[in-house]
Amino acid sequence: MSDPIVLGIETSCDETAVGVVQGTELRSSVLSSQTEVHARFGGIVPEVAARAHVEAIRPLVHLALSRAGVYSDQVDVIAAPEGPGLAGALMVGYSFAKAMAWSLGKPFVGVDHMEGHLFAPRLEHADYAPPAVVALVSGGHSQIVHMRGWGDYEIMGRTIDDAAGEAFDKLARFMGLGYPGGPAIDAASEGGDPAAMSFPRALRDRPFDFSFSGLKTSVVTQLERAKEAGELAPLADVCASIQEAIVDVIVDKTMNAAEATGVPAVAAGGGVLANRRLRERFQAAADERGLRLFLPTPAMCTDNGAMIAAAAAFRFGAGETTPWTAEVMPGRKLGS
Ligand code: KG4
Ligand code: ZN
């Protein structure tokens, strides 16, 4: 018998996204990004996000199905994340998925959004498998996960303040580079000297945890002082140095975790993995240690519906379905 066809709907933050997956095969992945809508406000406005999801979701489901070449009644499972995410935004995708499953007489599977990120590399790398250490770094989360088996996770480290993407976003806003900050700093760092300025790498004594608030304070004070003295470094140097400080910490902590667990493979996901310097540095660190590295393509690093479908395919395969009475859990934590 062929693998079930799973439709995944993702609306936990600012992307409305739908994907179709069969087994580990990616059949389609489409999305409507709200970046431009939120850029006007300098960040994500939850109410605006929820309303934009409502408008985008139905046409995206149709587009994902037609790109995958399947009729809606050929879909075997419909999935959406329960959390973590913005309550109102999550509710749009969750209710839509449940209603669609109910009307088609198909099972509904609610998944953990972070488990989606853990499954994303599986759609592009046939040999991605546990045991592995996976770094999940985005605008809302920074975690290091020891994936002992599919569905068996130990959270080894997390941020004690801002997520890595949030640090990029806040620093870019401070420098007047706009939203989202990660891509802006990535672009502005082109040709810059990553050693031009020296910023702190926090929590040296906690090998798997992150903290980015000290970096933020240091950047603000150093730039203000330099401005007053009329010695402001070129923007490319400032951005390359900030980027290097964030990248250093993410790569170091992930490699610490790989070493501590002795896993043969490392993977990563979340929007910050679209960063070119971070991808380069991960590759170099993995090569140096003889570790296998599984990085999704940038489109699979950021939030998408296919990763939700991939996680749901695993859950459904393990015999799980979600009752119609289930509700979203915006504060849901992986592994709990
Ligand atoms: O995973 P994602 O799309 O959404 C969340 O679940 O948060 O991640 C968005 C985050 C934003 O903070 C954005 O600034 C960051 O990912 N990001 C980047 C890059 N592209 C997106 N950070 C650094 N460099 C990039 N090229
Ligand atoms: Zn995400």
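A brief report on the enclosed structure follows. No experiment lies behind these values; they were computed from the predicted model shown.

## Regarding the overall build of the protein chain
Point 1. Along the backbone of the protein chain there are 11 helices and 10 strands.
Point 2. For the protein chain, whose C-alpha radius of gyration is 20 Å, the value lies close to the compact-globule estimate of 20 Å for 336 residues.
Point 3. With the principal axes as the frame, the protein chain shows a C-alpha extent of 70 × 45 × 30 Å.
Point 4. A fraction of 73% describes how many contacts in the protein chain between residues 6 or more apart in sequence connect residues 24 or more apart.
Point 5. Carbon and sulfur atoms make up 52% of the accessible area of the protein chain, which totals about 14,100 Å².
Point 6. Considering the protein chain, the positive charge centre built from 28 side chains and the negative charge centre built from 40 side chains are found 2 Å apart.

## Concerning the coordination of the zinc ion (ligand 2)
Point 1. At this site the zinc ion (ligand 2) is bound by His113 (NE2), His117 (NE2) and Asp303 (OD), with donor distances of 2.1 Å.
Point 2. Mapped onto the sequence, the donors of the zinc ion (ligand 2) take the spacing H-x3-H-x185-D. Remark: His117 and His113 occur in helix H4 (residues 113–119); sequence separation between them is four residues, near one turn of the helix.
Point 3. Under the relative-accessibility criterion, His117 is labelled buried at 1%.

## What to know about the nonpolar core
Point 1. Counting residues in hydrophobic clusters, the biggest one holds 45 residues, and the most contacted among them are Leu215, Ile242, Ile246, Ile250, Leu273, Leu278 and Phe282.
Point 2. Counting only elements with at least two residues in this core, the list comes to strand E6 (132–137), helix H5 (164–174), helix H7 (213–228), helix H8 (235–261), strand E9 (265–269) and helix H9 (276–289).
Point 3. Per-element tally for this core: the top contributor is H8, with 12 residues.
Point 4. Aside from chain neighbours lying at most four places away, what touches Ile246 is Ala164, Ala167, Phe168, Phe212 and Leu215.
Point 5. Val21, Val109, Val111 and Ala310 belong to the second-largest nonpolar core, a separate cluster that totals 31 residues.

## Observations concerning the sheet that holds strand E7 (residues 142–149)
Point 1. If you trace the five strands from one edge of the open sheet to the other, you get E8-E7-E6-E9-E10, paired in mixed fashion. Every other strand in the sheet has two partners, leaving strand E8 (152–158) and strand E10 (292–294) as the edge strands with one partner each. Across the sheet, the axes of successive neighbouring strands diverge by a mean angle of 20 degrees, strand direction being ignored.
Point 2. Judged from the four bridges that link them, E6 and E9 form a sheet pairing that is parallel. By the bridge assignment for E9, Val133 is matched with Val266.

## Section: the site of ligand 1
Point 1. Neighbouring ligand 1 are 19 residues, the closest being Gly139, Asp169, Gly182, Asp186 and Gly271.
Point 2. Between an oxygen atom of ligand 1 and a side-chain N or O atom of Ser138, the distance comes to 3.4 Å.
Point 3. Take Asp186: an N or O atom from its side chain is 2.8 Å from a nitrogen atom of ligand 1.
Point 4. Against a free-state accessible area of 550 Å², the protein chains account for coverage of 90% of ligand 1.
Point 5. Taken atom by atom, the bulk of ligand 1 overlaps the largest pocket.
Point 6. Those elements giving two or more residues to the shell around ligand 1 turn out to be H5 and helix H6 (181–188).
Point 7. In terms of residue count, H6 provides more of the shell around ligand 1 than any other element does, four residues in total.
Point 8. Residues belonging to the shell around ligand 1 are distributed by class as follows: five nonpolar, 11 polar and three charged.

## Details of the packing of H5 against H7
When two helices pack together, their arrangement is given by the angle between their axes and by how far apart the axes lie.
Point 1. The N-to-C vectors of H5 and H7 enclose an angle of 15 degrees; their axes lie 10 Å apart at closest approach. By the angle class used here, H5 and H7 are roughly parallel. The hand of the H5/H7 crossing is right-handed. Residue-level contacts link Lys170, Leu171 and Phe174 of H5 to Leu215, Lys216, Val219, Val220, Leu223 and Glu224 of H7.

## Considerations on the pairing of strand E5 (residues 108–112)
Point 1. Summarising burial for E5: five of the five residues are buried, a large majority.
Point 2. Here E5 shows two buried faces, one formed by Phe108, Gly110 and Asp112 and the other by Val109 and Val111.
Point 3. Two elements, strand E4 (residues 77–83) and E5, share five bridges in a ladder whose sense is parallel. If you follow Gly83 over to E5, its bridge partner there is Asp112.
Point 4. The parallel pair E4 and E5 is bridged by helix H3 (residues 87–104), and the resulting crossover is right-handed.

## A few points about the pattern of salt bridges
Point 1. A full pass over the atoms with the stated rule returns 19 salt bridges.
Point 2. The residue Glu82 makes a salt bridge to Arg332 at a minimum N-O spacing of 2.5 Å. Here Arg332 lies in the segment after helix H11 (305–317) and Glu82 lies in strand E4, a separation of 250 residues in the sequence.
Point 3. According to the relative accessible area criterion, Glu82 is buried, its value standing at 9%.
Point 4. Residue classification places Arg332 among the partly exposed positions, given a relative accessible area of 22%.
Point 5. The network of salt bridges with common partners includes Arg201, Glu244, Asp248, Arg277, Glu280 and Arg281.

Basis of the calculations
The written sequence of each chain sets the order in which its residues are numbered from 1. For this description, chains carry letters from A and ligands carry numbers from 1, given in the order in which they are written. Whole-chain, interface and lining totals are the exception, using all residues; otherwise, since this is a predicted model, local features are given only for residues with pLDDT of at least 70 and side-chain atom pairs are given and counted only at 80 or more. The side-chain figures draw on all heavy atoms in the structure; neither hydrogens nor water molecules are used. Per the convention used, a helix needs a DSSP run of H or I reaching at least four residues, while a strand needs a run of E reaching at least two, with both numbered from the N terminus. The size measure is the radius of gyration over C-alpha atoms, and the globule rule it meets is 2.2 Å times the number of residues to the 0.38 power. Between two residues, a contact is recorded if the distance between any of their heavy atoms is within 4.5 Å. Method for areas: the Shrake-Rupley scheme with a 1.4 Å probe, in which residue coverage is limited to the protein chains shown. All tallies of charge rest on Lys and Arg as positive and Asp and Glu as negative; His and the ends of each chain are not included. Here the site of a charge means atom NZ of a Lys, CZ of an Arg, CG of an Asp or CD of a Glu. Only N, O and S atoms count as donors, using a 2.8 Å cut-off from the metal and 3.2 Å for Na, K and Ca, and because water is excluded some sites may appear unfinished. Each residue is placed in one exposure class: buried if its accessible area under a 1.4 Å probe, protein chains only, is under 20% of its type's maximum, exposed if it is over 50%, and partly exposed if it falls in between. For our purposes a nonpolar core is just a set of buried Ala, Val, Leu, Ile, Met, Phe, Trp, Tyr and Cys residues, chained together by side-chain atoms within 4.5 Å. For two strands to be treated as a pair, DSSP must find no fewer than two bridges joining them. In this analysis an axis means a line fitted to C-alpha atoms, helices contributing only their contacting stretch, and an angle means the value between N-to-C directions, from 0 to 180 degrees. Proximity is defined per residue: any heavy atom of the residue falling within 4 Å of a molecule or strand makes that residue near it. Polar contacts here mean pairs of N or O atoms no more than 3.5 Å apart (in protein, one a potential hydrogen donor and the other a potential acceptor; neighbouring residues in sequence count only if both atoms are side-chain atoms). Put plainly, a pocket is an open set of points on a 1 Å grid over the protein atoms alone with protein on both sides within 12 Å along at least five of seven lines, a cavity is a set where a 1.4 Å probe fits but cannot get out, and a lining residue has an atom within 4 Å of a point. Molecule-in-pocket calls rest on the fraction of atoms, with more than half required to lie within 2 Å of the cavity or pocket grid points. Any residue outside Ala, Val, Leu, Ile, Met, Phe, Trp, Tyr, Cys, Pro, Asp, Glu, Lys and Arg is labelled polar, Gly included; the first ten of those are nonpolar and the last four are charged. For classification, angles of less than 35 degrees are called roughly parallel, those exceeding 145 degrees roughly antiparallel, those between 65 and 115 degrees roughly perpendicular, and all remaining angles oblique. Throughout, a crossing is termed right-handed when the near helix is turned clockwise from the far one, and left-handed when it is turned anticlockwise from it by less than a right angle. Crossover handedness is defined here as right-handed if the route from the first strand over the helix to the second strand goes clockwise, with the strands pointing away from the viewer. Should a side-chain nitrogen of Lys or Arg be within 4 Å of a carboxyl oxygen of Asp or Glu, the pair is scored as a salt bridge.

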